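Structural characterization, general
These are the residues of each chain, in order.
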There are 4 protein chains.
Amino acid sequence: MTHKIAILGASGYTGAELVRLIATHPSMEIVALTGDRKAGMAMAEVFPFLRHLDLPTLCKIEEVDFSGVDLAFCALPHATSQAVISKLPRDLKVVDLSADFRLRDPAEYQKWYGKPHSAVELQKEAVYGLTEFYRDEIRAARLVAGTGCNAATGQYALRPLIAAGVIDLDQITIDLKAGVSGAGRSLKENLLHAELSEGTHAYAAGGKHRHLGEFDQEFSKVAGRPVLVQFTPHLLPMNRGILATVYVHGDAEEIHATLAAAYERETFLEVLPFGALPSTRDVRGSNFVHIGVTADRIPGRAIVVAALDNLAKGSSGQAIQNANLMLGAEETAGLMLAPVFP
Amino acid sequence: MTHKIAILGASGYTGAELVRLIATHPSMEIVALTGDRKAGMAMAEVFPFLRHLDLPTLCKIEEVDFSGVDLAFCALPHATSQAVISKLPRDLKVVDLSADFRLRDPAEYQKWYGKPHSAVELQKEAVYGLTEFYRDEIRAARLVAGTGCNAATGQYALRPLIAAGVIDLDQITIDLKAGVSGAGRSLKENLLHAELSEGTHAYAAGGKHRHLGEFDQEFSKVAGRPVLVQFTPHLLPMNRGILATVYVHGDAEEIHATLAAAYERETFLEVLPFGALPSTRDVRGSNFVHIGVTADRIPGRAIVVAALDNLAKGSSGQAIQNANLMLGAEETAGLMLAPVFP
Amino acid sequence: MTHKIAILGASGYTGAELVRLIATHPSMEIVALTGDRKAGMAMAEVFPFLRHLDLPTLCKIEEVDFSGVDLAFCALPHATSQAVISKLPRDLKVVDLSADFRLRDPAEYQKWYGKPHSAVELQKEAVYGLTEFYRDEIRAARLVAGTGCNAATGQYALRPLIAAGVIDLDQITIDLKAGVSGAGRSLKENLLHAELSEGTHAYAAGGKHRHLGEFDQEFSKVAGRPVLVQFTPHLLPMNRGILATVYVHGDAEEIHATLAAAYERETFLEVLPFGALPSTRDVRGSNFVHIGVTADRIPGRAIVVAALDNLAKGSSGQAIQNANLMLGAEETAGLMLAPVFP
Amino acid sequence: MTHKIAILGASGYTGAELVRLIATHPSMEIVALTGDRKAGMAMAEVFPFLRHLDLPTLCKIEEVDFSGVDLAFCALPHATSQAVISKLPRDLKVVDLSADFRLRDPAEYQKWYGKPHSAVELQKEAVYGLTEFYRDEIRAARLVAGTGCNAATGQYALRPLIAAGVIDLDQITIDLKAGVSGAGRSLKENLLHAELSEGTHAYAAGGKHRHLGEFDQEFSKVAGRPVLVQFTPHLLPMNRGILATVYVHGDAEEIHATLAAAYERETFLEVLPFGALPSTRDVRGSNFVHIGVTADRIPGRAIVVAALDNLAKGSSGQAIQNANLMLGAEETAGLMLAPVFP
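Keep in mind that what you see is a predicted model, and the values were worked out from it rather than measured.

1. Thoughts on the UniProt feature "active site" (unreviewed entry) in chain A
As recorded in UniProt, the sites labelled "active site" (unreviewed entry) are Cys 149 of chain A. Sequence-distant contacts of Cys 149 of chain A, defined by excluding residues within four places in its chain, comprise His 211, Ile 242, Leu 308, Asn 310 and Gly 314 of chain A.

See the structure below:
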């Protein structure tokens, strides 16, 4: 059985990553690719690394005939996404990769994104796309909201610990290191090679990063009471990869055991032996997450480190995993590619 | 049908790349992995990026039971390779990734590698592994010698041109830019990140690089007379990728047409539109080769640029492509993974 | 004695490099910095790495009082530069870092830059800024045109060889590898870290690069007859540095001896021992040029490799060296900083 | 007046950085360079980037005539350093860059370095080399112990805060990001470009890093009671630079004011405006430290970020600053080089 797929916003990195992964997916077939400013161009012009594939030419969204489409991935910028998705056929399954449907509460959306949500009904309906924790809802969903890539990394490290009550909920600090592709293909001075390589800095520090909206929503829901974490992201001179170093108060061995038990049956979530810590290199280009735990020398403190690929498991890989569930395919279909090292 | 595979020398980069690619191969199953110094270790310890796979523990070569093995990849250093392969069962199919069986002439081997070949009979028997040009011989071979990664890149740019007589055979200059993984996992000062990043230099310049032995053998064979090329490799601050900029005397459009015709039916060899030139980024991690041709402003001169991934198409991908032929599998099996960008 | 300096166009990389170098110059003092779009900003905001310096606030060019200025560096884009310099006081010494005054022939300017020159008189008057070859003219000049960074690299490798008649003038190929800062701080997709790192490609290949105008002008002048070279630049994933690999026909030892003799008394031009080749790492951030020569295995062919830092010796360092001459200061003043490695 | 300088252990990165900085120092002259394994070699062979300098040939330590030497920098590995320094003339001023004399307490040395100290008397005598906090002692010292580069970064962020009592001493977490040159020129697999580039990981996490010995000693001394910090270093794909992100409990504005006041007269310590955070790019190759403070969204929490160049201010620049004091030279002599960007 073949699933007909449309990718809206195929000229950015997450769009291209969807195409890359679907290229070897056993049951998905791409029937439409849109890219407003690049409409009319071949995908091979926009992304020469995809030139071996037989793909539809980029078109405008209004040119797509959705009648034969089973599922659309929407890889548009936030705000644009809500406008576009509102107008899609009501029976079309949609996986949105933007930030538009991650937050359930319109007030929270407005707080973090600076303007009112224009599709509040859809916002309510959307299912949060952190696959391993929303599997049943995703299976039944029409609209799934892909998580923030940083938000996914932090949640893989923390959700089972918050649920199990094995850490102090008021003492959680997430120091995150992110590769540059997470910022997309936008033309900003600080994303130039000459500016970015050979150095590092913190950004959106002190509680300004929008993915905090997701942390707040999800961690508070899991805990059953408000949870506020500290979260400081850093930009690193690498293209892919997120490493979250999470400082918690709790018993390190209990924490390790809790994570190991929670993820025991998960294909993509690998908990390393106690004391071993992950590297982003070891998940590059793949849908795997590596998680490690070590004790600190200060009794009662532990460090949890989680690594994933922001474009794959943090975004497009996650989206395909969710689409697999929504389409009734094998959850891991197209996603078992090994990481690329070196 | 399942093909049982052994990988001898699995603790280096080409060994790991074989495992990475075989991980999603439809009919290959790894039954033995050897690594002398790392015997007894799990592959996940040596290469944590492979930890999601269920793999045999590394052992010594003498511990492998070859009776159930259909094909062995030999990813050992040169010189070691000839000693090991001599002792393997005579009916075992072998794809060697070292330099040991690339040259047919023992004198040439001694000239480039500095000592006599110790398995001259095998040297004669081996088939040169440049798949697209030795397909029939490879299908029938017991022992296939993987090409040098630089040698493959230059040959993809030049073989059809030499065969068709459309370039001056005495005016060929190959200026090559190579990523560092081609040097393997060896501990050398100039391969350290602090030494290599943020800079470039030529090495083995002026005709000293060993892959010249392959160029000489193959180009002279194709031309039916001795052909000597100039070849200067450069080391670049990147992990994967080879870009060969080849300066030739000839008509650029005829050259382009010749390459396009020669590779028209080849899955992995993509000739770009006339005037477009390739980037190593666009083949990273994949088995594809991108080739471009442009005219120079000086009449009668042209530039051919070829790009491939040294670990994939330049080495382990090529090896699997050859093994597929030797085992009667689909030639492209396990090799259709799209490049990874960014 | 203090020389009062203005820098026009201080918000780009060459402007910032001028400030960096002048920071420890014994006799230059910066009295004005302009940056049209960033007028009103402190230099520390535009370039935080300069925040320890006490510098004038960026202003518009028309706000500068040139009466107390001894020399202006003009680090504006080409075309803008000719318009601005035309309006500067006639007695102000100017070192221009743009392409506007490099070519003597208005027809050549139009050919390479696509439109007529608007200050033809100044174009005639300007002295070509390749210090070691135009020292006396520069000393006496009012307007000096900084060379292209690629053009400088190629000329250091070739000028003495062309002058001495030791190479075949019709067989010169320059394969050049350049770091990304040469492209400036402009917002282009292909200059993003995610696009540029971990890969390489040729650009402006086949005779399209504008620095060919300089090669043609200068080499033909030195040779006393037209000389056309092949020139193919490549973009590398590094910030600074140019490596020119120059393929010539001639006797390698004679070539080496010719370069060594020509540069024997030059402080900044280092000819390596015969057979040794340079690395861009070894000149990073400095005004030094390293040049090596080796023979090819094909008799009568040689390879000359030159390395310099595009922002320093290729642009801003060269500009200061020229300014020193124009101002009667020590030629090497402010330029003896050692390269930065690693 | 000229100060005669010997550098013991000149073949590593800190030795080379000393030479680089002394190259433009107004009063230091290098009269001896040692390098046991590379004795007899020219410095230009070991470090071609220094080839423009007229330097003594590398020799063995026992070949150095110390009678004419005013000060020796000792850039040897720890353990070796204490053995060598014990045998130097008693009246020779020494700046040691190793870890051997940083800790005052022999038991602490043994705890962190795994064996007893062999020069306990010297250990007592040595002055801790964090210049801005030990200026008077350094001026009078015979033996100064250079600090750890990570230890320096953390202390610049924290010492004034601990001294002023404006942060909770039991809630200090230092998440540190370090470039690879801090690991030296040693041949380790994880320092290879292919292993290190394009990724990041934590190391020595949970309280195992030896620089904790320095933090414990110094912070406890400043506080007048035991202070234990959490400290997790990460290795980043860049050559130079350390960024310490320090999580503290306290009032962010008070913290900023405390740092600004403490460093108001310091040439090399720059406190950024409140809310601005530093980047390692902006101090690359220089002796400057940039420090920023921001509030967290959680009341009562603040983030202090400090950036320096590990080889310069973190090691060799610091050493020269201390030597300047010991020799009665201007403290900033040779150290005012601007950072190198891009």
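2. Section: the relation of the copies chain B and chain A
Once turned by 180 degrees and shifted 0.0 Å along the axis, chain B lies on chain A with an RMSD of 0.0 Å. Here the transformation between the copies is reduced to the relation of a two-fold axis. A share of 100% of the interface residues of chain B reappears at the interface of chain A, consistent with the copies meeting face to face through the same patch.

3. Some remarks on the interface of chain A and chain D
Between chain A and chain D, the contact holds 51 residues from the first and 51 residues from the second. Carbon and sulfur atoms supply 48% of the area buried between chain A and chain D, which totals about 4300 Å² over both sides. Looking at the side of chain A facing chain D, the largest losses of area belong to Glu 198, Arg 281 and Arg 297 of chain A, adding up to 19% of the total buried there. The salt bridge involving Asp 175 of chain D is made with Lys 177 of chain A; its shortest N-O contact spans 3.0 Å. At the surface where chain A touches chain D, the tally comes to 36 residue pairs in polar contact (both at pLDDT 80 or more). Across the side of chain A that touches chain D, the residue classes tally to 21 nonpolar, 17 polar and 13 charged.

4. Brief notes about the pairing of strand 4 (residues 71–74) of chain B
Residues and elements named next belong to chain B. Alternating residues of strand 4 divide into Leu 71 and Phe 73 and Ala 72 and Cys 74, and every residue in both groups is buried. Alignment of strand 1 (residues 3–8) against strand 4, held across four bridges, turns out to be parallel. Bridge assignment links Ile 7 to a residue of strand 4, and that residue is Phe 73. Examined bridge by bridge, strand 4 and strand 5 (residues 93–96) share four bridges and lie parallel to one another. Within strand 5, the position partnered with Ala 72 by the bridge is Val 94. Taken together, strand 4, helix 3 (residues 80–86) and strand 5 constitute a β-α-β crossover, and its handedness is right-handed.

5. Notes on the interface of chain B and chain A
Size of an interface, as often reported, equals the accessible area lost when the parts are brought together. Between chain B and chain A, the contact holds 32 residues from the first and 33 residues from the second. Taking both partners together, chain B and chain A bury about 2800 Å²; carbon and sulfur atoms supply 66% of that area. At the boundary of chain B with chain A, the tally comes to two salt bridges. With a shortest N-O distance of 3.0 Å, Glu 270 of chain A and Arg 51 of chain B are connected by a salt bridge. Here chain B and chain A share eight residue pairs in polar contact (both at pLDDT 80 or more) between them. Only helix 1 (13–22) and strand 12 (269–271) of chain B provide two or more residues apiece to the side of chain B that touches chain A. It is helix 1 of chain B that provides the largest number of residues to the side of chain B that touches chain A, a total of three residues. Looking at side-chain class alone, the side of chain B that touches chain A contains 17 nonpolar, seven polar and eight charged residues.

6. Topic: helix 11 (residues 312–327) of chain B
Residues and elements named next belong to chain B. Along its 16 residues, helix 11 runs just 19 Å from first to last C-alpha, ending more than 12% under the 22 Å computed at 1.5 Å per residue. Of all the bends in helix 11, the greatest measures close to 45 degrees and is centred on Gln 318. Buried residues dominate helix 11, accounting for 16 of its 16 residues. A positive phi of about 75 degrees marks Gly 328, the residue just after helix 11.

Calculation notes
- Residues numbered from 1 in each chain as written.
- Chains lettered and ligands numbered in written order.
- Predicted model: local features only at pLDDT ≥ 70, side-chain atom pairs only at ≥ 80, totals over all residues.
- Heavy atoms only, no water.
- UniProt positions renumbered as here; feature names shortened; annotations may be inferred.
- Contact = heavy atoms within 4.5 Å.
- Least-squares fit on C-alpha atoms with pLDDT ≥ 70 in both.
- Buried area = accessible area lost by both parts, 1.4 Å probe.
- Salt bridge = Lys/Arg side-chain N within 4 Å of Asp/Glu carboxyl O.
- Polar contact = N/O pair within 3.5 Å; in protein donor to acceptor, adjacent residues only side chain to side chain.
- Nonpolar A, V, L, I, M, F, W, Y, C, P; charged D, E, K, R; others polar.
- Buried < 20%, exposed > 50% of the residue type's maximum accessible area, 1.4 Å probe, protein only.
- Helix = DSSP H or I, 4+ residues; strand = E, 2+ residues; numbered from the N terminus.
- Pairing = 2+ DSSP bridges.
- Right-handed = clockwise from strand over helix to strand, strands pointing away.
- Expected span 1.5 Å × (residues − 1).
- Bend = angle between axes of the 7 residues up to and from the residue.

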